[in-house]
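Now for the letters of each chain:
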Amino acid sequence: MSERAAKVTPADTDEQHDEQITDSAAPDAAQEVDGDADADGESEPTPVTTGAESVVRALENAGVEYAFGVQGGAIMPVYDALYDSEIYHVTMAHEQGASHAADAYGVVSGEPGVCLATSGPGATNLVTGIADADMDSDPMIALTGQVPTAFVGNDAFQETDTTGVTTPVTKDNTFASDPDRVGTDVSEAFALAREGRPGPTLVDLPKDVTKSETDREPDEPTVPDTYEVQERADEEIVEAAAERIETSERPAMLLGGGVIKGEASEACREFAIEHEIPVITTMPGIGSFPEDHELSMEMAGMHGTGYANMAITHCDTMIAVGTRFDDRLTGGIETFAPDAEIIHVDIDPAEISKNIHADYPLIGDAETVVQQLQEAIENSPQAKKWRAQCQQWKSDYSMAYDAPEDEPLQPQFVVEALDEATDDDTIVTTGVGQHQMWACQYWTYTEPRTWVSSHGLGTMGYGLPAAIGARLAADDDQDVVCFDGDGSFLMTLQELSVAVRENLDITVAVLNNEYIGMVRQWQDAFFEGRHSASDYGWMPEFDKLAEAFGAAGFRIDDYDEVADTIDEALAYDGPSVIDVHIDPQANVYPMVPSGGDNGQFALTEDQL
Amino acid sequence: MRRGLEGPAPEERPTPAGRRNEQGIRIDPEVEATHEPRRTVISALVEHEPGVLSDVSGLFSRRQFNIESLTVGPTTNDDRARITVVVEEPDPGIDQIKKQLRKLVPVISVRELEPDAMQRELALIKVDADDPAQVNAVADMYDATTVDSSPETATFEITGARQKIEAAIETFGQFGVREISRTGTTALARGTEETAAALSATESATEQTKTQQEYPADDD
Ligand SMILES: Cc1ncc(C[n+]2csc(CCOP(=O)(O)OP(=O)(O)O)c2C)c(N)n1
């Protein structure tokens, strides 16, 4: 190994440290109780001696149980400190896998997932997963090794300007330059990832900083003073919004991912049910309201249900909670809920009126604000006719699909069969493409944190590493199912080695159409069926591939194999892969073309 | 599935009467109201730390906000710096800029200055000095100070509002302007009013909600 970086002796920075030690109230708890600890015979944490140890201590203090990563030169001191820690490190096959696993861990547990990588290629490999977490506001912390400070800026071996590269895709990032502060940098990054609107944070760790001696314990995980979050919304606007809801004839709730992150599902559920308001979700909002409830209109947007898109288009009052009005949800802005006054609840003031003007901007924590609204409302809206209309739309635009026995297997059937074979609390992860949309449409989600997908970034390859992270965050008795596309699976399937090594009980259903299916569908609709670079025409046999990895492999070609094979795969204690050969021509409907009118969703290709 | 789903076709469905404009504001279909861009000065107090300038400038390029100038300099507090940005955007864009800036962790506070705020810019203008008397007369007109002179050139320093500097550059144009360098606008609020001070995010968020409500769908 020619890691020039590894040979560098850290510059003697001791003098500098002494100067920078301030008398801030660092809770050097471990040090203070040190004497007693031995007397009690309890295993008090040993005092830190290096920057790397304080990094790991910061994670331990924050309650971190798992970390996902890949070793390498510049991060070695941190890994060395991890060696003695209770934190369980999962070595991933690729750093992208580490960032997706950490992201999914954060989605399912609500606590920041942790990923680690070395400098240069390790750090750049993390970037896709960091960007993914940023788009979906998932709590995550990335720790990257960096070349020693003295080499920074010299294009040293495996040097990348990691903070520079990740600034646009992190909530905040820090270049750690002081061994006495590095632990606190990590604590702060952890707190920032979780507080307010969650998101990924990153701490770049130069090797000399982590190797240097320090006895400074990290501060408690708190956000910096400049970061403040508003919890309660302006009471006047709450009153006005409540009045609007009371007099509304066609009210609808639109629940986004912020409802789940803000633990507001329960409050929203109570609100909707008490006032009998139909509920629409965004894609990240899936699970915030039980889809088997009468009031549920399910997901709206490009591939949302027809009834959700009718409801969104025709409501006169929209109570939108924790959504950023992404273009895949809104379609063309001109035609988005054009009759509706918008009550927008969001913890991030910058989301208010960014895409859709908020008539009632309610900045604050989703749960708190929904409770404020609940308290302010005296009478439920009189919307019987509207509710009947919504039910009518549910039957007019039913998602029922054709599945003739003598024709190739329809993917919707497979999604429904897996849903039926598993409990309600089963976690679903996905890749990106048609299979992801079928997983949205044909699985009935009833609980928050059971839908784990790449929404904003749309990252193919998310599904399998996400299943690994989700598995470790989930309860032991929860099932984890990954719906993948053949193309998406190929992007990160090496992570199967991790699932096997760690004996993780996950079931991957590859909805195999031997196409880059979603692209093929668009080509058929918008490019005169010219299948440029979308027809794989050949795919490896995924069941055998799975077996080569040491996982259980299954294959389904026909309807009559579906139920039994699914049962077998679910029963297998460890990772299993079902290669499901579906109708290669199957398409996702309804569909609102990009920038289109939600109310004019197409039910067939000729309506596009 | 290839066939698609059942249900009334798009043309058989009711359509709502309303519409929104490009900025997502509900409009009366009769009176199309859009916000015109306007020039304004935004002042931000930030932590004086490495990376903050690139955070701020990166934000402007990433979100495609139109900026005329961006200046940064120290304040009376060594740990703080002031960034002054002149932008040209419609009202919703200006609001987004303020909110996005506030969101950056090292940013302490953000304020849009009143139109009457003190705004100054400094320019160095190097002109051909073939006719020194004439050149100096113009310099006097604009209160310019001579910074350097050579047999062929004269360089002046001019301070003032942007309009004054632009007028000066235009007038000097008759002699032949060789080079100019301008600092961009820096600004402070008038009187006892604070420019962008360490007010809490909660206050600023509330202040924002208020402005939000002030946008009428159509200006009347
Ligand atoms: C990393 C990445 N590259 C490219 C795309 C563009 N893209 C979106 S969907 C899709 C097809 C996905 O194919 P597959 O995983 O087989 O799923 P299918 O649509 O067939 O279900 C592609 C290429 C993407 N979303 N992500």
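Residues numbered from 1 in each chain as written. Chains lettered and ligands numbered in written order. Predicted model: local features only at pLDDT ≥ 70, side-chain atom pairs only at ≥ 80, totals over all residues. Heavy atoms only, no water.

Trainee: Would you take a moment to explain the UniProt feature "domain: Thiamine pyrophosphate enzyme N-terminal TPP-binding" (unreviewed entry) in chain A for this structure?
Mentor: In the numbering used here, UniProt assigns the "domain: Thiamine pyrophosphate enzyme N-terminal TPP-binding" (unreviewed entry) feature to residues 50-163 of chain A. Spanning residues 50-163 of chain A, this segment combines 44% helix with 18% strand, and its end C-alpha atoms are found 23 Å apart. (UniProt positions renumbered as here; feature names shortened; annotations may be inferred. Helix = DSSP H or I, 4+ residues; strand = E, 2+ residues; numbered from the N terminus.)

Trainee: When you look at the domain arrangement of chain A in this model, what are you seeing that I'm missing?
Mentor: How big an interface is tends to be stated in terms of the accessible area lost upon association of its parts. Residues and elements named next belong to chain A. Splitting chain A by domain gives domain 1 (47-211), domain 2 (235-396) and domain 3 (411-589). Computed from C-alpha atoms alone, the centre-to-centre distance between domain 1 and domain 3 is 29 Å. The partner domain 3 presents 28 residues to the 25 residues of domain 1 that form the contact. When domain 1 packs against domain 3, the two sides together hide about 2000 Å² of surface, and 65% of this comes from carbon and sulfur. When residues of domain 1 are sorted by the area they lose upon contact with domain 3, His-100, Val-108 and Asp-136 head the list and together hold 25% of the total. (Domains from an automatic or database assignment. Contact = heavy atoms within 4.5 Å. Buried area = accessible area lost by both parts, 1.4 Å probe.)

Trainee: Which parts of the structure should I look at to understand the site of the ligand?
Mentor: All names here are of chain A. The full set close to the ligand counts 17 residues, and Gln-434, Gly-458, Gly-487, Ser-488 and Gly-517 are the nearest of them. Taking Tyr-515, its main chain carries an N or O atom lying 3.2 Å from an oxygen atom of the ligand. In isolation the ligand exposes 580 Å². Once the protein is present, 76% of that is buried. Among the elements that make up the shell around the ligand, the one with the highest residue count is helix α22 (residues 486-492) (four residues). Among the residues making up the shell around the ligand, the classes are represented as seven nonpolar, nine polar and one charged. (Near = heavy atom within 4 Å. Polar contact = N/O pair within 3.5 Å; in protein donor to acceptor, adjacent residues only side chain to side chain. Areas by Shrake-Rupley, 256 points an atom, 1.4 Å probe, with all protein chains shown as cover. Nonpolar A, V, L, I, M, F, W, Y, C, P; charged D, E, K, R; others polar.)

Trainee: Would you mind showing me how to read the UniProt feature "domain: ACT" (unreviewed entry) in chain B here?
Mentor: The feature "domain: ACT" (unreviewed entry), as annotated in UniProt, sits at residues 41-115 of chain B in this numbering. Segment residues 41-115 of chain B splits into 32% helix and 41% strand. End C-alpha atoms: 8 Å apart.

Trainee: Looking at this model, I keep getting lost on the pattern of salt bridges. Mind explaining?
Mentor: Opposite charge on two side chains lets them pair, provided their charged atoms get close. Residue and element names in this part refer to chain B. This structure, assessed with the given rule, holds 35 salt bridges over all chains. Salt-bridge contacts for Asp-95 lead to Lys-98; the nearest nitrogen and oxygen are separated by 3.8 Å. Here Asp-95 pairs with Lys-98, and both are found in helix α2 (residues 91-103), just three residues apart, close to one helical turn. Across the pair, Lys-98 and Asp-95 agree in class, each one buried. In this structure, Glu-112 and Lys-98 form a salt bridge, with 3.0 Å as the shortest nitrogen-oxygen distance. In this pair, Glu-112 is assigned in strand β6 (residues 107-112) and Lys-98 in helix α2, connecting sequence segments 14 residues apart. (Salt bridge = Lys/Arg side-chain N within 4 Å of Asp/Glu carboxyl O. Buried < 20%, exposed > 50% of the residue type's maximum accessible area, 1.4 Å probe, protein only.)

Trainee: Got a minute to help me understand a negative patch on the surface in this structure?
Mentor: A cluster of acidic side chains, namely Asp-292, Asp-423, Asp-424, Glu-447, Asp-475, Asp-476 and Asp-477 of chain A, defines a negative patch on the protein surface. On the secondary structure map, Asp-477 of chain A appears in the loop between α21 (463-473) and β15 (480-485). (Patch = residues over 30% accessible without salt bridge, like charges linked within 9 Å, V, L, I, M, F, W, Y side chains within 5 Å. Lys, Arg positive; Asp, Glu negative; His and termini not counted. Charge placed at Lys NZ, Arg CZ, Asp CG, Glu CD.)

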